[in-house]
Amino acid sequence: MSQICSIDDCAREVFESATECVLHCKKNDYSHDFQNNGILRKFYDALIEYITESAFEWKHPDNPEIVNAESFKTYLQEGVGSDEVVNFCNNEITVFTFIFFPCRDSRDNFDYLKLLRKIKGAHFNYCKFTAHSVEIPKVEAFFQDCEFFQWWSITQSKLLGNVNNVLYQNCKFREDVSSYLDDDHSATLDIPLFNNCSFDKCLSFGSVSLKKPIFNNTDDDLIKIHKLRIENCKIDEKFVLNKLNAEYILIENSEFKAKLELKEGLIDEIELINTNFNGLFDSYSTEYGRFYCFKSIFSDFVGFEKCKFAALQGDNELNQLSIFRYVTFLSFTNFRNSTFVQGIDLENTNLKEAPNFLNIDVLSNNTNRETLRIIKDSFDKIGNHIEANKFFVLEMAKYKQGLSNKPFNQEKLIFWLNEKTSNFGQSYLLPTLWIVFFSVIYYLLILGHESNLLYNLVPSANEAISSVSNVFNGIAENIIPFKKLLREGMEFTSLVFYVIFASLIWQTIVAVKRHTRR
């Protein structure tokens, strides 16, 4: 069996029964490694050798009698060295390649963090970590293609220059990732953080002031974040997280001072609670499951164009009514071409301008009457009366549901007649058919009157029928505007049918105007 590390370009001996050296072999949690044949101490010593070899591989100090490998090692181990050695170390940028960094404890005299803090920069290239953080605030750092197996705390550090100008590039986080809090329970991060990274668990920022963009993604593929939580934060720069695949997003008690983009994503559940969005909010063509926005303020343009709400595949319990509750829109809002599979609730929103609802689909009867009225009014304000009429009908259908629990009254009667005769002015065919129907009835009544059908059917009641008809016909004759139009002997019946025909003709005219109005 080979005694040399299996990692390319590494000539160190393997550690115990592993196939890699102590720098590259797999590590576990702290308690396990602490008992594992001194692996933490051996890792510490090997890392000193690694940094030293890297420092002198290409550099040749002007004063080798003072600055050499031995004096360099002594400074790393003991923290004692001449000014020349200290300056040389403080200008060293080390590239750590394929190294597996173990958990650490600041109380150990072999804590490798003491070594990292003595160099100028650390480039972690294809490294792996079971450590929970690397707190090197004065060191320039860059994590490239790294993998983190334990929960990880993001800490402030200087940024080592790289193409995408971020701290973490193409990294994989297997457990929860969170921002690091100072002793005063607040923190500031003033460096860009992530480029094309994936998060298997939760990425959370709490009580943090973010001075630079969090994400600077360049891939066209979906970015995976299992859960994203932003709470009590201030985000100063543009927040761009397009093509996001996430199960849950919570943004609460925070402030976004610049543009926020969540375009072309797939988000199972999102909650926006008590948050101020001072810049543009763009969520173009994103698919949501459950959408809940509460007590938030949007100061600039808001775009939900081509979004789908409650659109998860199958019978998913997260496919719920999309709610905007106590939300204020201070500028223009665009819902054009969006689909609300389980409906939308805008009843308690504050709208400074009428939103754009062109070509939206509201596919559920969960939408309340006030929301339908808001949509209808938005179309009326721009002169799109045909679309407004469609939502007027839906609004009336909701109104009908509200009347169903009330006792029968005049309002309920008129509402019922309006629905049955013209579908609230939406159908001109319906009142036309009613006109034809009542014309036939009226014609049959005329034929019956001319043949004295009623008198022949009930001869014994002829006198009573004649008295009643004379009273009602006399009343009808004295309604002057209709007097010349009434049929002799059928004055009252004629009056009733004239009122019916007038109402139906009016319903037809209204319906035609609603379909042709510009």
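As shown above, the structure is provided for reference.
Predicted model, so just to flag it, every value in this text is computed and none were measured. (Residues numbered from 1 in each chain as written. Predicted model: local features only at pLDDT ≥ 70, side-chain atom pairs only at ≥ 80, totals over all residues. Heavy atoms only, no water.)

Asks: I'd like to hear about the overall build of the chain, residue by residue, with values.
Replies: Across its full length, the chain holds 12 helices and 35 strands. Considering the chain as a whole, with its 518 residues, one finds that 44% of them fall into the buried category. Long-range pairs, those at least 24 residues apart, make up 44% of the contacts in the chain between residues at least 6 apart in sequence. (Helix = DSSP H or I, 4+ residues; strand = E, 2+ residues; numbered from the N terminus. Buried < 20%, exposed > 50% of the residue type's maximum accessible area, 1.4 Å probe, protein only. Contact = heavy atoms within 4.5 Å.)

Asks: Go over helix α6 (residues 369–381), please, and point to the residues and values.
Replies: It helps to recall that an α-helix has 3.6 residues per turn; residues three or four apart then point in one direction. Helix length check: α6, at 13 residues, gives a terminal C-alpha distance of 18 Å against a target of 18 Å (1.5 Å per residue), a fit within 8%. Taken as a whole, α6 has its buried residues at T371, L372, I374, I375, K376, S378 and F379. Phi turns positive one or two residues past the end of α6, at G383, with a value near 85°. (Expected span 1.5 Å × (residues − 1).)

Asks: Account for unusual backbone geometry, with residues named and values stated.
Replies: Within the chain, D9 stands out as a residue other than glycine whose phi angle is a positive 65°. Within the fold, D9 resides in the segment before α1 (30–34). Look at D145: it is not a glycine, yet its phi comes out positive at around 55°. Its place among the elements puts D145 in the loop between β5 (140–144) and β6 (147–148).

Asks: Describe helix α9 (residues 429–450), and please don't skip the residues or the numbers.
Replies: Helix length check: α9, at 22 residues, gives a terminal C-alpha distance of 32 Å against a target of 32 Å (1.5 Å per residue), a fit within 8%. Where α9 is concerned, the buried positions are P431, Y442, I446 and G448. Here the buried residues of α9 occupy an arc of 155° about the axis, which is enough to place them on one side. Across α9 from its buried face, at more than 90 degrees, point the exposed residues L429 and V436. In the stretch just after α9, N452 is the one whose phi turns positive, near 50°. (Arc of directions from axis to C-beta.)

Asks: I'd like a rundown of the pattern of salt bridges, residues and numbers included.
Replies: According to the stated counting rule, one finds 23 salt bridges in the structure shown. Across the salt bridge formed by R336 and E305, the nearest N and O atoms sit 3.1 Å from each other. You can see R336 sitting in the loop between β31 (333–334) and β32 (339–340) and its partner E305 sitting in the loop between β27 (302–303) and β28 (308–309), a full 31 residues away along the chain. Exposure remark for E305: the relative accessible area of 17% places this residue in the buried category. In this structure, K376 and D377 form a salt bridge, with 3.9 Å as the shortest nitrogen-oxygen distance. (Salt bridge = Lys/Arg side-chain N within 4 Å of Asp/Glu carboxyl O.)

Asks: So what's going on with the side chain of N334? Residues and values would help.
Replies: When you line up the elements, N334 lands in strand β31. A polar atom in the side chain of N334 sits 2.9 Å from the backbone nitrogen of R336. Setting aside residues up to four positions removed in sequence, N334 forms contacts with F301, V302, G303, F304, E305 and N356. (Polar contact = N/O pair within 3.5 Å; in protein donor to acceptor, adjacent residues only side chain to side chain.)

Asks: Explain the packing of helix α2 (residues 39–57) against helix α3 (residues 69–78) to me, and be specific about the residues and the numbers.
Replies: Between α2 and α3, whose axes approach to 10 Å, the crossing angle comes to 135°. What the angle tells us is that α2 and α3 run oblique. Relative to α3, the crossing made by α2 is right-handed. Contacts from Y44, I48, E49, I51, T52, A55 and F56 of α2 reach α3 at A69, F72, K73, L76 and Q77. Residues that form the contact of α2 with α3 fall into these classes: eight nonpolar, two polar and two charged. (Axes fitted to C-alpha atoms, helices over the stretch in contact; angles between N-to-C directions. Parallel < 35°, antiparallel > 145°, perpendicular 65-115°, else oblique. Left-handed = near helix turned anticlockwise from the far one by under 90°. Nonpolar A, V, L, I, M, F, W, Y, C, P; charged D, E, K, R; others polar.)

Asks: An account of the pairing of strand β16 (residues 223–231) is requested, with residue identities and associated values reported.
Replies: Pairing analysis gives six bridges linking strand β14 (residues 198–206) to β16, with the strands arranged parallel. For L203, the partnering residue across the bridge sits in β16 and is L228. Direction of pairing for β16 relative to strand β19 (residues 244–252): parallel, over a ladder of eight bridges. Directly across from L228, in β19, lies its bridge partner I249. (Pairing = 2+ DSSP bridges.)

Asks: So what about the side chain of S71? Which residues, and what values?
Replies: Within the secondary structure, S71 sits in helix α3. A polar contact of 2.8 Å, which involves the side chain of S71, links it to the backbone oxygen of I66. When residues no more than four places from it in sequence are discounted, the contact partners of S71 are I66 and V85.

Asks: Before we move on, could you go through empty space enclosed by the protein and cite the residues and values that matter?
Replies: If you walk through the whole model with that rule in mind, you get two cavities of 30 Å³ or more. Along the walls of the largest cavity sit Y30, L40, F43, P102, C103, R104, D105, D108, F110, D111 and Y112, which together make up its complete lining. Split by residue class, the lining of the largest cavity holds seven nonpolar, no polar and four charged. Computed from the structure, the second largest cavity encloses a volume of approximately 40 Å³. For the lining of the second largest cavity, the elements supplying multiple residues, two or more each, are β5 and β7 (152–154). (1 Å grid on protein atoms, 1.4 Å probe; cavity = no way out; pocket = protein on both sides within 12 Å on 5 of 7 lines; lining within 4 Å. Points joined across faces, edges and corners; volume = space filled by probe spheres on them.)

Asks: Kindly report on the nonpolar core, identifying the contributing residues and their values.
Replies: If you look at the biggest cluster of nonpolar residues, it comprises 111 residues, and the most contacted ones within it are F96, F124, F143, Y168, F194 and F205. Looking at this core, the element that brings in the most residues is α2, giving 11 residues. Setting aside its immediate chain neighbours within four residues, F205 contacts I154, S179, L189, L193, F194, L210, I214, R229, I230, E231 and C233. (Core = buried A, V, L, I, M, F, W, Y, C linked by side-chain atoms within 4.5 Å.)

Asks: Any chance you could break down the packing of aromatic side chains for me, citing the residues and the numbers?
Replies: Within the structure shown, the criterion is met by 58 aromatic pairs. Between Y50 and F96, the aromatic rings sit 5.8 Å apart at their centres with planes inclined by 20°, giving stacked as the arrangement. Within this pair, whereas Y50 is found in helix α2, its partner F96 is found in strand β1 (residues 93–97), the two being separated by 46 residues in sequence. Grouping residues by exposure puts Y50 and F96 together as buried. With a centroid separation of 4.5 Å and 50° between ring planes, the pair formed by F148 and W152 is classed as tilted. (Phe/Tyr/Trp six-rings, centres within 6.5 Å; stacked < 30°, edge-to-face > 60°.)

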